[in-house]
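Analysis of the macromolecular model
Read off the chains here:
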Amino acid sequence: GASRAISFYLAKFKAGSITILNRNVSKAHNLAGDISDSGLIGDVKSGSISEIENYLPDADILVDTTPLGMDPHIDDEPIAGHDMMHEDLVVFDAVYNPNETVLIRQAIMAGAKPVYGIKMFLYQGAESFKIWTGRDAPIDVMQEALNKHLGR
């Protein structure tokens, strides 16, 4: 779900290209086909996550929507190590607990730009609040409650 939403968002806002990688290559191909069929973007590729090292040197953004590294499996091997990343790479991990996942730590080690999953979690909640109530969400109150709940 998150991968689909993020991919279509990137396509809608004119990413130059999108590459979908997955352990299940047919799922990657299906999502890439759906994005391509939308007409929002022309350059969509897909393949196996095992090929990630081949794509990262030219990538601007790495988005990880897998549960790897999510509590309680905080030491799972990330989809990419710091040796595959570069300083201009933006690395977003959708996992929000823990805040600093093993992938985010690898990004920091590489000098890449980390984006923490907690922001997506917070703003998903804020958007749901607006849909359900018709009012803008109290983001600061929600952020404080989220931090308290997660022990931050």
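Our structure is the block above this text.
Residues numbered from 1 in each chain as written. Predicted model: local features only at pLDDT ≥ 70, side-chain atom pairs only at ≥ 80, totals over all residues. Heavy atoms only, no water.

With that settled, consider the environment of Ala80. With respect to the helices, strands and loops of the structure, Ala80 is situated in the loop between strand E3 (61–64) and strand E4 (90–93). In sequence terms Ala80 and Glu53 are 27 residues apart; their C-alpha atoms lie 7.4 Å from each other. The contacts of Ala80, once residues within four sequence positions are left out, are Ile52, Leu56, Leu62, Met85, Leu103 and Gln106. (Helix = DSSP H or I, 4+ residues; strand = E, 2+ residues; numbered from the N terminus. Contact = heavy atoms within 4.5 Å.)

For helix H1 (residues 2–12), every residue scored as buried is listed here: Ile6, Ser7 and Ala11. Angular distribution of buried residues about the axis of H1 spans 135 degrees; they occupy a single face of the element. Turned more than 90 degrees away from the buried face of H1, the exposed residues are Tyr9 and Lys12. Looking at the buried residues of H1, the elements they touch are strand E1 (18–22), helix H2 (25–37), E3, E4 and helix H5 (117–133). (Buried < 20%, exposed > 50% of the residue type's maximum accessible area, 1.4 Å probe, protein only. Arc of directions from axis to C-beta.)

Turning to the side chain of Thr101, a few remarks are in order. Relative to the helices and strands, Thr101 resides in the loop between E4 and helix H4 (102–110). Setting aside anything within four residues of it in sequence, one finds Thr101 in contact with Gly69, Asp93 and Val95.

Quick look at the environment of Met120 now. Within the fold, Met120 resides in helix H5. For Met120, a relative accessible area of 22% corresponds to the partly exposed category. Each C-alpha atom, one on Met120 and one on Ala11, is 18 Å from the other, the two residues being 109 residues apart in sequence. Setting aside residues no more than four positions away along its own chain, Met120 makes contact with Ala2, Ile6, Phe92 and Ala94.

The next point concerns the pattern of salt bridges. Inspection of the entire model under this criterion finds 3 salt bridges. Two residues, Asp136 and Lys130, come together in a salt bridge whose shortest N-O distance is 3.2 Å. Owing to a relative accessible area of 40%, Lys130 belongs among the partly exposed residues under this scheme. (Salt bridge = Lys/Arg side-chain N within 4 Å of Asp/Glu carboxyl O.)

Looking now at unusual backbone geometry. Of the consecutive residues Asp71 and Pro72, the connecting peptide bond is found in the cis state with omega at 10 degrees. Tracing the backbone shows Pro72 in the loop between E3 and E4. A cis amide bond links Asn97 with the next residue in sequence, Pro98, at an omega value of 15 degrees. Structurally, Pro98 is set in the loop between E4 and H4. Positive phi is not limited to glycine here, since Lys14 has a value of about 65 degrees. Secondary-structure assignment places Lys14 in the loop between H1 and E1. A residue is classified by how much of its surface remains accessible, and Lys14, at 61% relative accessible area, is exposed.

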